Amino acid sequence: MNSSKHETYSLLAKQVEALTSGEPNLIANLANVSALIFEALEDVNWAGFYLKDSESELVLGPFQGKPACVRIPVGKGVCGTAFSEDKTLLVEDVHQFAGHIACDSASNSEIVLPLHKNGELIGVLDIDSPLLSRFDHEDQSGLEEVITVLERMLQ
């Protein structure tokens, strides 16, 4: 990971730990984390969470950016697919992703990371960018570390 990205994500992970330490409320923590990510990362037009609402659907959680799709079927779009497969999806061009759900036509690339609480999959972190290929494997690694810290704090 290049030095500046490494520093950005290392600082982000420390800030997530400080913001969420001692706070048991999930929504408050996710609201602060989405705001932190939205402010810390360049060329991002949406950052937030979709949370498991039923076995078949995710519902919009705390986010920063324009209004978004409220419900996403599990297994559909980038968020629903990342949730159903329980793995990070890095999409360089969302228009090439089969079944992409366009909540904001300005978004061109996306990264979605699964979120667990006490080992149970509870949702996903979704980050969109108006730039094509905005996210790379360095971003994925850095954001996975941020998620690891957040999951530890959600115990």
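Since this is a predicted model, take the numbers as computed values, not measurements. (Residues numbered from 1 in each chain as written. Predicted model: local features only at pLDDT ≥ 70, side-chain atom pairs only at ≥ 80, totals over all residues. Heavy atoms only, no water.)

Novice: Please clarify how the packing of helix H1 (residues 3–20) against helix H4 (residues 137–153) should be interpreted in this entry.
Specialist: To describe two helices that pack against each other, one gives the angle between their axes and the distance between the axes. The contact between H1 and H4 brings their axes to 9 Å, and the two run at 15°. Of the possible angle classes, the one that applies to H1 and H4 is roughly parallel. Crossing handedness for the pair H1 and H4: right-handed. In this structure, H1 contributes Lys-5, Tyr-9, Leu-12, Ala-13, Val-16, Glu-17 and Thr-20 to the contact, and H4 contributes Glu-138, Asp-139, Gly-142, Leu-143, Val-146, Val-149, Leu-150, Arg-152 and Met-153. Counted by class, the contact of H1 with H4 contains 9 nonpolar, 2 polar and 5 charged residues. (Axes fitted to C-alpha atoms, helices over the stretch in contact; angles between N-to-C directions. Helix = DSSP H or I, 4+ residues; strand = E, 2+ residues; numbered from the N terminus. Parallel < 35°, antiparallel > 145°, perpendicular 65-115°, else oblique. Left-handed = near helix turned anticlockwise from the far one by under 90°. Contact = heavy atoms within 4.5 Å. Nonpolar A, V, L, I, M, F, W, Y, C, P; charged D, E, K, R; others polar.)

Novice: Mind showing me how you'd approach the packing of aromatic side chains here?
Specialist: For any pair of aromatic rings, the description rests on two quantities: the centre-to-centre distance and the angle between the ring planes. Taken as a whole, this structure holds 2 aromatic pairs when the rule is applied. Aromatic pair Trp-46 and Tyr-50: ring centres 5.9 Å apart, planes at 25°, arrangement stacked. The same class applies to Trp-46 and to Tyr-50, which are both buried. Relative to Phe-63, the ring of Trp-46 has its centre 5.2 Å away and its plane inclined at 15°; by these criteria the two rings are stacked. With Trp-46 in strand E1 (residues 46–54) and Phe-63 in strand E2 (residues 57–65), this pair connects stretches of sequence that are 17 residues apart. These aromatic residues form a ring-pair network of at least three members: Trp-46, Tyr-50 and Phe-63. (Phe/Tyr/Trp six-rings, centres within 6.5 Å; stacked < 30°, edge-to-face > 60°. Buried < 20%, exposed > 50% of the residue type's maximum accessible area, 1.4 Å probe, protein only.)

Novice: Sorry if this is basic, but what is going on with unusual backbone geometry here?
Specialist: The bulk of non-glycine residues show a negative phi, and the bulk of peptide bonds are trans. Phi at Asp-86 takes a positive value of approximately 50°, unusual for a residue other than glycine. Of note, Asp-86 is situated in the loop between helix H3 (77–85) and strand E4 (89–91).

Novice: Hey, could you run me through the nonpolar core in this one?
Specialist: Of all hydrophobic cores here, the largest spans 27 residues; its most connected members are Ile-37, Leu-41, Phe-49, Leu-115, Ile-127 and Leu-150. Put simply, the parts of the chain that give this core at least two residues each are H1, helix H2 (26–40), E1, strand E5 (109–117), strand E6 (120–129) and H4. No other element matches H4, which puts 6 residues into this core. Apart from the residues within four sequence positions on either side, Leu-115 is in contact with Leu-30, Phe-49, Glu-120, Leu-121, Ile-122, Gly-123, Val-124, Ile-147, Leu-150, Glu-151 and Leu-154. Judged by nonpolar contacts, the second largest core, of 17 residues, contains Tyr-50, Ile-72, Cys-79 and Leu-121. (Core = buried A, V, L, I, M, F, W, Y, C linked by side-chain atoms within 4.5 Å.)

Novice: Looking at this structure, I do not really get H2. What am I missing?
Specialist: Given 3.6 residues per turn, any residue in an α-helix points the same way as the ones three and four places further on. The first and last C-alpha atoms of H2 sit 21 Å apart over 15 residues, in line with the 21 Å expected at 1.5 Å per residue. Every buried residue of H2 is listed here: Asn-29, Leu-30, Val-33, Ser-34, Leu-36 and Ile-37. In an axial view of H2, the angular spread of the buried residues amounts to 160°, which keeps them on one side of the axis. Contacts from the buried residues of H2 go to H1, E1, E2, E5, E6 and H4. Its side-chain oxygen placed 3.0 Å from the backbone nitrogen of Ile-27, Asn-25 serves as the N-cap of H2. (Expected span 1.5 Å × (residues − 1). Arc of directions from axis to C-beta. Polar contact = N/O pair within 3.5 Å; in protein donor to acceptor, adjacent residues only side chain to side chain.)

Novice: So what exactly am I meant to see when it comes to the pattern of salt bridges here?
Specialist: When the charged atoms of two side chains with opposite charge come close together, those side chains can pair. Applying the stated criterion across every chain, the model contains 8 salt bridges. Linking Lys-52 and Glu-55 is a salt bridge whose minimum nitrogen-to-oxygen distance equals 3.1 Å. A relative accessible area of 30% places Lys-52 in the partly exposed class. A salt bridge links Arg-71 to Glu-57; its shortest N-O distance comes to 3.2 Å. Placement of the pair is Arg-71 in strand E3 (residues 71–73) and Glu-57 in strand E2, with a sequence separation of 14 residues. Under the relative-accessibility criterion, Glu-57 is labelled partly exposed at 25%. (Salt bridge = Lys/Arg side-chain N within 4 Å of Asp/Glu carboxyl O.)

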